[in-house]
Amino acid sequence: MITDIVAEQAVSLAASGQLPAYVYDLGALRTHAAHIQKALDFPGAPEIFYAAKANPDAPILQALAPYVAGIEVASGGELKHVRNVLPDARLAFGGPGKTDRELELALDLGVERIHVESPYELTRLAGLARRTGLEVDVLLRVNLAGDRSGVALAMGGPFGMDPELVESCRDILATAPWVRLRGIHAHLASGLSAPAMRRQSVEILEWARPWMDKAGVDQPEFNLGGGMAVDYAAPDQRFDWSAYGQEIAALARPGETLRIEPGRAVSVYAGWYVTEALDVKKAHGQWYAVLRGGTMQIRTPVTKHHNHPFVVLPSKTTTGPSMGGEPVTLVGQLCTPKDVFARQVPVERLAVGDLVALSMAGAYAWNISHHDFLMHPKPTFHYLDPDEQ
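These lines cover the structure that appears in this document, whether it is placed above or below.

1. Examining the packing of helix α5 (residues 100-108) against helix α6 (residues 119-132)
And then number 1: Where α5 contacts α6, the axes come no closer than 10 Å and their chain directions differ by 50°. With respect to their mutual orientation, α5 and α6 come out oblique. You can see that α5 and α6 cross each other, and the crossing is right-handed. Contacts between α5 and α6 involve Asp100, Leu103, Glu104 and Leu107 on the former and, on the latter, Glu121, Arg124, Leu125, Leu128, Ala129 and Thr132.
And then number 2: Grouping the amino acids of the contact of α5 with α6 by side-chain chemistry returns five nonpolar, one polar and four charged.

2. Remarks on the packing of aromatic side chains
And then number 1: Using the criterion set out here, one finds eleven aromatic pairs in the structure.
And then number 2: Through successive ring pairs, a cluster of aromatic residues spans Tyr22, Tyr24, Tyr273, Phe341, Trp366, Phe381 and Tyr383.
And then number 3: Against the face of Phe93 rests Lys98, its NZ or CZ located 5.6 Å from the ring centre.
And then number 4: A cation over a ring is seen here: Arg170 above Trp211, with NZ or CZ 3.8 Å from the ring centre.

3. Structural notes on unusual backbone geometry
And then number 1: Following Leu19, the chain continues to Pro20 via a peptide bond in cis, the omega torsion being -5°.
And then number 2: Positioned with a positive phi, His305 is a non-glycine residue whose angle comes to about 55°.
And then number 3: Looking at where His305 falls in the secondary structure, it is placed in the loop between α12 (300-304) and β14 (310-313).
And then number 4: Since its relative accessible area comes to 72%, His305 is described here as exposed.
And then number 5: The residue Met360 is not glycine, and still its phi comes out positive at about 50°.
And then number 6: Note that Met360 resides in the loop between β19 (355-358) and β20 (380-384).
And then number 7: On the basis of relative accessible area, Met360 is assigned to the buried category, the value being 2%.

4. Some details on the environment of Gly95
And then number 1: Relative to the helices and strands, Gly95 resides in the loop between β4 (91-93) and α5.
And then number 2: Residues Gly95 and Glu72 lie 23 residues apart in sequence; the distance between their C-alpha atoms is 9.7 Å.
And then number 3: Setting aside residues no more than four positions away along its own chain, Gly95 makes contact with Glu117 and Glu121.

Here is what the cut-offs are and how they apply
- Residues numbered from 1 in each chain as written.
- Predicted model: local features only at pLDDT ≥ 70, side-chain atom pairs only at ≥ 80, totals over all residues.
- Heavy atoms only, no water.
- Axes fitted to C-alpha atoms, helices over the stretch in contact; angles between N-to-C directions.
- Helix = DSSP H or I, 4+ residues; strand = E, 2+ residues; numbered from the N terminus.
- Parallel < 35°, antiparallel > 145°, perpendicular 65-115°, else oblique.
- Left-handed = near helix turned anticlockwise from the far one by under 90°.
- Contact = heavy atoms within 4.5 Å.
- Nonpolar A, V, L, I, M, F, W, Y, C, P; charged D, E, K, R; others polar.
- Phe/Tyr/Trp six-rings, centres within 6.5 Å; stacked < 30°, edge-to-face > 60°.
- Lys NZ or Arg CZ within 6 Å of the ring centre and 35° of its normal.
- Buried < 20%, exposed > 50% of the residue type's maximum accessible area, 1.4 Å probe, protein only.

Listed below in structure tokens is the structure:
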């Protein structure tokens, strides 16, 4: 359901010729983040590091900062950006393929934890830290080969190390005491419900705890990753943070720290991609509405292979064609049949000049899109903040 503040902004932007536009409701974002924080605010519950890759916009980071323990970054660019926006934030640096320059940057900018993806990366990091005279705290990323059937995305292949490869890190750590092993990181899959997240967390902890005991680490840390489910087909059905917090806290043991890295499930509901219908026509018996912009600006529908949720804001006056009471396919301006927001979705009415607001555009939307394809104008960006009005 679109809020009044977003709908009013959409109409205003259309009147001033500023569509397509991303509109972010920072008030709604804070409310959702506060709900998550409260659900995890008791002993044993995991601390939250927001995954900046989901949406690294400065106003988003600033709005979330009071509600999370830190920020997870996955590149040198994200690292510099987040450190600039939130100078005092606790940072964790993950992701495969870290360059020497990125590792040096992590040392220079005071990253709290580096998630090591391979023995070779650990060796390079140890050498860089030794040359700079700095100590560095690391988690070793493990990739367990469990059953990931039915998940939205399995994080296999190049991510982390299988248990045998993790074992080879022991000798490297033994010869580099300035590299301090703090714990284990594991992000195995995405699109999981609270019960599925608990089962995955049990799997991770059953492997990681004995490994850390053998390593002799006091007060170990276990990063259980992200991957909380987001259902684009049912926007009102959100991840059960309260149940999850209680279930994970029940797994915690004295002296250890549990941590999670949600991204999409935190910011996705606060964003809208607002555009307008340029044409409405029937082709081979099916209705199509051509919208300004396209999936080069919000790639999520293509990457997730779904009908993106949307609402129509009718124009008070229109001189163009219209349709209604039948299914319609929403497409963009790109010269490809793949430029589809939603296929064959029933609408009461859709006419040229009507506004179409795509919800759930607060994560993995603009920042993963192929912006320059066909060189259409970029969308405008607007951050609605009731606290500043």
